[in-house]
Structure formats: structure tokens, C-alpha cells
Amino acid sequence: MLSQFEPSLSSPGLRSETGADTAPLSVHPKVFRDELARAAEWVADYLEQLPEQPVTRPMPEAHRRALAAGSLPDDGQDLAGLLDFVRESVAPYPTGNGHPAFFAWINSPPSQPGVIAELLACAVNATCGMGEHALMDLERGVVRDLAVLAGLSATAGGVLTSGGSMANLLCLATARQWFLQRLGATDGLAYDQAHARLVAYHSDQAHMSVAKAAAVIGLPAWRLRSVPTTYDRRMDLAALRAAVDRDRAAGLLPFCVVSNLGTTASGAIDTPAPITDLCREHGMWHHADGAWGGLGALLPELAAAYQGIAELDSLTIDPHKALSVPVGCGAALVTDPEALRAAFAFRASYLDGDQEWPWLSEYTIELTRPGTRALTLWATLRHLGRSGVTALLTHYQDLARHLRNRIHAHPELQLCTSGPLPVVCFRLATPEDGTASAFHAAVATRLQQRGHAYLATVEHRGETVLRACICNHLTTTADLDTLLREVLIAAEELGPLVPGRTAR
Ligand SMILES: *Cc1c(COP(=O)(O)O)cnc(C)c1O
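Worth saying up front: this structure is predicted, and the values here are computed from it rather than measured.

Once that is clear, we can look at the site of the ligand. Taken together, 15 residues form the shell around the ligand, and within it Gly-164, Ser-165, Asp-289, Asp-318 and Lys-321 come nearest. With respect to the ligand, the side chain of His-320 contributes an N or O atom lying 2.8 Å from an oxygen atom. Measuring from an oxygen atom of the ligand, one finds a side-chain N or O atom of Lys-321 at 2.9 Å. If the ligand stood free it would expose 380 Å²; the protein chains cover 85% of that surface. When residues of the shell around the ligand are assigned to their parent elements, the largest contribution, three residues, is made by helix H6 (residues 164–183). Per-class residue counts for the shell around the ligand are three nonpolar, nine polar and three charged.

Leu-295, Leu-315 and Phe-426 are the most contacted members of the largest nonpolar core, which has 77 residues in total. Here this core spans two domains, and each of domain 2 (126–345) and domain 3 (385–497) adds at least three residues to it. In this structure Leu-295 touches Leu-146, Leu-149, Ala-150, Ile-317, Leu-323, Val-389 and Leu-393, once residues within four positions along its chain are discounted. Among the nonpolar cores identified, the runner-up in size contains 44 residues, and Ala-167, Val-210, Trp-285 and Ala-332 belong to it.

Before going further, it helps to examine a negative patch on the surface. Residues Glu-41, Asp-45, Glu-48 and Glu-52 make up a contiguous surface patch of negative charge. Secondary-structure assignment places Asp-45 in helix H1 (residues 29–49). In this structure Asp-45 comes out as partly exposed when scored by relative accessible area, which is 35%.

Further remarks concern the side chain of Thr-475. Position of Thr-475 among the secondary structure elements: in the loop between strand E11 (463–469) and helix H14 (477–494). In terms of polar contacts, Thr-475 uses its side chain to reach the backbone carbonyl oxygen of Pro-100, at 2.8 Å. Residue contacts for Thr-475: discarding those within four places in its chain leaves Pro-100, Phe-103, His-395, Leu-399 and Leu-480.

Okay, the pattern of salt bridges next. Close approach of charged atoms allows side chains with opposite charge to pair. In total, this model carries 24 salt bridges according to the counting rule given. With a shortest N-O distance of 2.7 Å, Asp-137 and Arg-140 are connected by a salt bridge. Placement of the pair is Asp-137 and Arg-140 together in helix H5 (residues 134–150), with a separation of three residues, close to one helical turn. A relative accessible area of 37% means that Asp-137 is categorised as partly exposed. Its relative accessible area of 14% is what places Arg-140 among the buried residues. With its nearest N and O atoms 2.7 Å apart, the salt bridge here joins Arg-347 to Glu-362. Placement of the pair is Arg-347 in the loop between helix H11 (337–344) and helix H12 (372–409) and Glu-362 in the loop between H11 and H12, with a sequence separation of 15 residues. When its relative accessible area of 47% is taken as the criterion, Arg-347 is described as partly exposed. Within the structure, one salt-bridge network assembled from shared partners comprises Glu-35, Arg-38, Asp-84 and Arg-87.

It is worth spelling out the domain arrangement of the protein at this point. Partitioning the protein into structural domains gives domain 1 (2–94), domain 2 (126–345) and domain 3 (385–497). Between domain 2 and domain 3, the C-alpha centre-to-centre distance is 30 Å. Taken together, the 24 residues of domain 2 in the interface contact 22 residues of domain 3. The junction of domain 2 with domain 3 conceals about 1,800 Å² of combined surface from both sides, 64% of it contributed by carbon and sulfur atoms. Linking domain 2 with domain 3 are one salt bridge.

It is worth spelling out the packing of H6 against helix H7 (residues 188–195) at this point. Packing of H6 against H7 brings their axes to within 11 Å, and their N-to-C directions diverge by 125 degrees. What the angle tells us is that H6 and H7 run oblique. For the pair H6 and H7, the crossing hand works out as right-handed. The residues of H7 that touch H6, namely those facing Arg-176, Leu-180 and Leu-183, are Tyr-191, Ala-194 and His-195. Here the contact of H6 with H7 is built from residues that sort into four nonpolar, one polar and one charged.

A cis amide bond links Gly-419 with the next residue in sequence, Pro-420, at an omega value of 15 degrees. With respect to the element layout, Pro-420 can be found in the loop between strand E8 (413–415) and strand E9 (423–428). One non-glycine residue with positive phi stands out, namely Arg-233, at about 75 degrees. Tracing the backbone through its elements, the reader meets Arg-233 in the loop between strand E3 (224–227) and helix H9 (237–249). For Arg-233, a relative accessible area of 11% translates into the label buried. Its identity as a non-glycine residue notwithstanding, Arg-461 has a phi of 45 degrees, on the positive side.

Two quantities define a packed helix pair, namely the angle between the helix axes and the distance between the axes. Two elements in contact, H12 and H14, have axes separated by 10 Å at closest approach and are oriented at 35 degrees. The crossing of H12 and H14 is right-handed. Residues Leu-399, His-402, Leu-403, Arg-406 and Ile-407 of H12 lie in contact with H14, whose contacting residues are Thr-477, Leu-480, Asp-481, Leu-483 and Leu-484. Split into classes, the residues belonging to the contact of H12 with H14 amount to six nonpolar, two polar and two charged.

Definitions and limits used
Residues numbered from 1 in each chain as written. Predicted model: local features only at pLDDT ≥ 70, side-chain atom pairs only at ≥ 80, totals over all residues. Heavy atoms only, no water. Near = heavy atom within 4 Å. Polar contact = N/O pair within 3.5 Å; in protein donor to acceptor, adjacent residues only side chain to side chain. Areas by Shrake-Rupley, 256 points an atom, 1.4 Å probe, with all protein chains shown as cover. Helix = DSSP H or I, 4+ residues; strand = E, 2+ residues; numbered from the N terminus. Nonpolar A, V, L, I, M, F, W, Y, C, P; charged D, E, K, R; others polar. Core = buried A, V, L, I, M, F, W, Y, C linked by side-chain atoms within 4.5 Å. Buried < 20%, exposed > 50% of the residue type's maximum accessible area, 1.4 Å probe, protein only. Domains from an automatic or database assignment. Contact = heavy atoms within 4.5 Å. Patch = residues over 30% accessible without salt bridge, like charges linked within 9 Å, V, L, I, M, F, W, Y side chains within 5 Å. Salt bridge = Lys/Arg side-chain N within 4 Å of Asp/Glu carboxyl O. Lys, Arg positive; Asp, Glu negative; His and termini not counted. Charge placed at Lys NZ, Arg CZ, Asp CG, Glu CD. Buried area = accessible area lost by both parts, 1.4 Å probe. Axes fitted to C-alpha atoms, helices over the stretch in contact; angles between N-to-C directions. Parallel < 35°, antiparallel > 145°, perpendicular 65-115°, else oblique. Left-handed = near helix turned anticlockwise from the far one by under 90°.

What follows is the structure, encoded as C-alpha cells:
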């Protein structure tokens, strides 16, 4: 039997060598090493076997309730139980985005370099908001790499964020500060009076996080204009110009246009140059939301659509989308990083940073910030290299083309949109009589339940249609064929149930 002063291999409460004190969080070094190795083995097996598993599994109701109820016991438990818990209670019920036949939303699987980097960065556990340390410098560098890949100017910088929503928020707040500074209205009555007249513009295809960001910076809904789009889902420039003119004539203060480099619903691109011209003409900031399409200028086939990207004021990119960096990595990129700093540098006596190398907390809302974002992004980019990034994006374009061709050629399927980014919206050849929306929703649900593939729906011209996003590096044309087969099987199974459709 172990005495009180001998290291325990099982009790979580006892420290090893000294043994005199009990440190509640300490783990015996050998136990830690063994569990770490076991976890690493499990991760490798899990990722390797994932494509053979169902894309998702329905969660038993009792299991959901048990997880959501909380279950903290009074006594601490063995480290060994952690992996068992993940294996039995968590891993069997993923979102599905690790699977090559997952096409819902815009979620990718984690890159292998990213998975390893996440663990390593956790161990280093630097906070990328303060202090002088390597991970913060690495973040500065990798942000620059990302900006250069996107085609921004050489001066660009920025910060990593939790995702695209946070990046859009940072950039909108920056646009507002930049505008008010130029008016000399950053405080006092001047601020109140100017702020009450600020107007921003986004297209009717904008991601909802733009409206959320506008609300958070205090812009009421009526002063966030939704500009109509043309048949191809791009912002209607004439309508934008008319809206700006109207607002100026009414004494309002247009300060920012948010365009899309890859609309979420259908993959459309607002070419930056003409929108930037309009912004310059009226002293406005041009922010582009390129959460998942922000790197498309790397592809020769798309470069023309990105004309003028270097002149953007700011750009959102989500490395956790197109680049498969593990979830929790977005980026707010700004052509003049000092503008970002002007919005977020607040000083305090207990935070005395180096003014030559401003801490990254001066460029964002967060103070204590994870270093995982920087290292996972760096590891993924380093593994790919510039040519690898291009090859990855090309792969997605090729897969989308294959899927569109298959849909186009199939008598029971109809293509609704044509990108140009790799989102494919389509419908079943049912009458457009109001029953199709419910039918498509039911087909998506049935397909999800069958577990061989996964896709979601989206609204297209007032109708709910099927939507497949391609951003999984594991996906092959065989997975796309599986998807279409599953759509047709689900439709066949449901056909007789839907009013207006008869069984074939
Ligand atoms: C996904 C997405 C966002 C939001 O990004 P999160 O990382 O989910 O917060 C913003 N804009 C566009 C265009 C997107 O596709």
C-alpha cells in the first residue's frame, strides 16, 4: 500500500517527489506521460477511421440531457477517465465536419499540423495579448503571411480572432473610429451628434454577423442599409451609389461599406475596385467579408473578380474555413494597422507594454488571448506553402465543378447558382409551387439521418433549396457522387409523403 508520502499513480490529489504537500491539480509525471501518449494514439486512430464512420449520429435524448445537466462530483477523478469520456460520450457525436461527405455550412476538418500545433501551443500557454514572447511575434508574422496570401498591400497587419464574426466586429468598430477621428468627433457632444447619423451599407447577401457587429457598435438596424444584389448575387453598384447619395442628401453620415468576397449562401464575389472607388469618393471605409472566400485571388480563374483587393481598408478571413485550421481561428486584416490600434489601444498602469512592439491586445477586444490560433495557422500554412494553399483552393473549385456538372446532367436535379466559389445550391425537379421548400427541408433531414452524407438548406429566390459547401480537403469526387445518390434516395423515400408529389 502507498504511504501518504509516496507518489501515487492514481490519486489526482498528490504531488510526486516532495509528497509533502498536496497540489490539487498536479498529476504524477508518469501518469501524465502515459495519458498523453494514449491520447495521441487515440487522436491518430480517430482521424484515420473517421471517413469509415457515419457522418453524424443522432444523439440519444437521455445522453443530451445528461451532458447538458452538468455533473461535477465532489471528489476528483483519474486522468485516465478523460480519454474514456471523450471516446464514449463526445467523439461519437460530432458536428460531422471531419467527414469527407459533410457539406453543410462552411466547416472543414482540422488539418493534421493544426491538431498537433493546438496541443503544443496549449503546453506553451502563452497569452498573445501581453508580454514579450515568441508566440506573439509569430502571430504578427503569420497575420502578415495571411494578408500577403490574400493580396493585401505590404503594409497590412491585424490580429487573429475567434472567427469571422469577431473579425467583422473589429473591422466595423475600426471603420467607425477612423471615420469619427477624421471628423474630430471621437468624444463629447460631437461624438453623440455624429454617431446618431452614421450609416453603413452591406448587401442583401451579407452574413448575419455583419448586422450583429453593427448592432454591437451601436448602429441601429435602420442605419445599416441592405443593398440589393443583381441576378448573380453581387452588390448592385448603382443601388449602392443611390443609397449613399440619398443618405448624404438627408444629412446622414455614410461611413462604411461591407462587401462580400464569397457570399455564404452561394459563393458570389463583390469585386472590390469599383466599391473602393465609391468609398474614396465619399470618405468611407471599405471592409470586405472574405471569411471563407478571402484567399480566392490566388486562383488565376478567379483573380479578375478580386480586382482591387490590395486597396481594401480591411478584410475578414477565417482560416478555420478554407484552410482547415482547427476551429477558433479567424483574422481581422487591416491595410493600416494603426487604424485598428486607434480603436482598441486602451492603457492601464498594470499593463506596461513596449511601445516599439505594441502588444496585440492593443489591436483587439481581448487581453488574455490564446496562442493556439497563431501556431495552428502557422503550422497549417507552413505545411502547405504558398503553392499548397493554391492547390487546396483549386481542389475545391474542381470538386464544385464536378458537382455542378453532375447536377446539370441529371434529369431530376436543377442547379440554382453557379458560384464562382465552391458552394453549390440545387433543387429537386419538383414543381415550384410552394411545396418544394418543405420537401427540400425534409430531404436534407432524411439525408442527415441516413448518415452517409450531410448537407443543409438555404433560401434561394424565396424557396428553400439544398446547399453543398466544399471546403474539406479529404473530399473526393466519390463523396460528391455519394451525396447526390443520397439526395435522390432521400427524395425517393419521401416522395409519396409530400403533397403535390406522387410516388414514382
Ligand atoms: C462563416 C462566415 C462568417 C462568420 O464567421 P465565424 O467564424 O463563423 O464567426 C462571416 N462571414 C461570412 C461570409 C461567413 O461565411
